[in-house]
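# Understanding the architecture of this molecule
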Amino acid sequence: WTVIEFTVKPYKEMKDVYALCSIDNVVASLEDSMVTMNTVTSSRYIAGIRSDVEKVENQLKHFGHVLDEWLECQKQWMYLESIFSAPDIQRQLPNESKAFNAVDKQFKDIMKRVHDRPNALQAGLTVGWLETFQKSNETLEKIQKNLEDYLETKRMAFPRFYFLSNDELLEILAQTRNVQAVQPHLSKCFDGIRRLDFGDDPRSIDIFAMVSSEGERVSLGKNLKARGNVESWLTAVEQNMNSSLRRFASNFFYIKLCQ
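In every chain, residue numbers begin from 1 and rise along the written sequence. Owing to the predicted nature of the model, reporting of local features is limited to residues with pLDDT of at least 70; listing and counting of side-chain atom pairs is limited to 80 or more, with chain, interface and lining totals taken over all residues. Side-chain measures were taken over the full set of non-hydrogen atoms in the model, leaving aside hydrogen atoms and water.

### Focus on the packing of helix α2 (residues 50-84) against helix α4 (residues 94-116)
Where α2 contacts α4, the two axes come as close as 10 Å, and the packing angle between them is 125°. Judged by the angle between their axes, α2 and α4 are oblique. Two packed elements cross with a definite hand, and for α2 against α4 that hand is left-handed. Contacts between α2 and α4 involve W70, C73, Q74, W77, L80, E81 and F84 from the former and E96, S97, F100, D104, F107, K108, I110, M111 and V114 from the latter. For the contact of α2 with α4, the per-class residue count stands at 10 nonpolar, two polar and four charged. For every element, the axis is a line fit to its C-alpha atoms; helices are fit only across the contacting stretch, and the angle between N-to-C directions ranges from 0 to 180 degrees. Segments assigned H or I by DSSP are reported as helices when at least four residues long, segments assigned E as strands when at least two residues long, and all are numbered from the N terminus. Orientation is classified from the angle alone, with under 35 degrees giving roughly parallel, over 145 giving roughly antiparallel, 65 to 115 giving roughly perpendicular, and any other angle giving oblique. Note on convention: the crossing is left-handed when the near helix lies turned anticlockwise from the far helix by less than a right angle, right-handed when the turn is clockwise. In what follows, a contact means two residues having at least one pair of non-hydrogen atoms within 4.5 Å. Each residue gets one label: Ala, Val, Leu, Ile, Met, Phe, Trp, Tyr, Cys and Pro are nonpolar, Asp, Glu, Lys and Arg are charged, and the others, such as Gly, are polar.

Below is the structure:
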């Protein structure tokens, strides 16, 4: 174990931010060592060194527990980091953002230390790290639950969001000031609708029409704007879609009737 080290690589090209990768050799070495310890403890000649063997065995078991919590923490951290790095999400979920930032700082500090001193067993036996990872995992699980509850409120406000995955919905909510962020997901929310026509200005919040996959364009009337919460203005878009189609259908029926 004096030569077994964690492989630590930079994360997303961020300065002094690292993550574990390729830990198969560490896991394999741990499993081999536990098999060896079981063999030693079952020997009838262990009496003179039993206390030393038990000490090493307990250290390896502790290292295994730390590694499990560590990997779980890193998995949750990597998922939530990309979400809470978005200013719009930080603004909409201030309490969760604050809790994540505390875990984020702890995790980055630990990974910086491991980068500087990568010996796997020494890192895994660092006093207090097991409790730190356990507490971090509890916090991240609560954040994840609150995030899912938040997404559910958005879906209840605009039920067509149920057609989107969590990641797709978060992509929209992370860019609430960019109304164009909804465009890639409109075809899932509205069958047959490819995009909304915001005019020629990419920063425009005026919604002029809906455009089908075949290029058909239907005007949505006047004074329809992508303003406020995304679920609110998309609800207004849906209402205008219905009223516009009813109006065009009525006009068409009237023209046919006159003919």
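### Considerations on the nonpolar core
Buried Ala, Val, Leu, Ile, Met, Phe, Trp, Tyr and Cys residues form a nonpolar core when they are joined through side-chain atoms within 4.5 Å. Relative accessibility thresholds used throughout: buried, under 20% of the residue-type maximum; exposed, over 50%; partly exposed, between the two (1.4 Å probe, protein chains only). Of all hydrophobic cores here, the largest spans 70 residues; its most connected members are F6, W70, F161, L196, I207 and W233. Element by element, the count of residues in this core is highest for α2, at 11 residues.

### Brief notes about the pattern of salt bridges
What counts as a salt bridge is simple: a side-chain nitrogen of Lys or Arg found within 4 Å of a carboxyl oxygen of Asp or Glu. This model, assessed by the stated rule, comprises 14 salt bridges. Taking the shortest distance from any N to any O, the salt bridge between D116 and K112 comes out at 3.0 Å. Highlighted residues: D116 and K112, both in helix α4, separated by four residues, approximately one helical turn. The closest approach of N and O atoms between D201 and R203, which form a salt bridge, is 3.9 Å. Judged by relative accessible area, which is 38%, D201 ranks as partly exposed. Classification of R203 as exposed rests on a relative accessible area of 73%. Taken together, the salt bridges that share partners define one network made up of D88, R91 and R177.

### Some remarks on the side chain of N137
For N137, the location among the structural elements is in helix α6 (residues 129-157). Relative accessible area serves as the criterion here: at 3%, N137 is assigned to the buried category. The definition of a polar contact used here is a pair of N or O atoms within 3.5 Å, where within protein one atom must be able to donate a hydrogen and the other to accept one, and adjacent residues in sequence count solely through side-chain atom pairs. At 2.7 Å, the side chain of N137 and the side chain of E69 are in polar contact.

### A few points about the packing of aromatic side chains
When two rings of Phe, Tyr or Trp (its six-membered ring) have centres within 6.5 Å they constitute a pair, described as stacked for plane angles under 30 degrees, edge-to-face for angles over 60, and tilted for the intermediate range. For the structure shown, the criterion picks out 12 aromatic pairs. On the numbers, 4.7 Å between centres and 35° between planes, the contact of W77 with F107 is tilted. You can see W77 sitting in helix α2 and its partner F107 sitting in helix α4, a full 30 residues away along the chain. Comparing W77 with F107 shows no difference in burial state: the two are buried. A centroid spacing of 5.4 Å and a plane angle of 20° characterise the contact between F84 and F100, whose relative ring orientation is stacked. With F84 in helix α2 and F100 in helix α4, this residue pair connects regions lying 16 residues apart in the sequence. We note that F84, like F100, is buried. Among the aromatic residues, those joined into a ring-pair cluster are W1, F6, F63, W70, W129 and F133.

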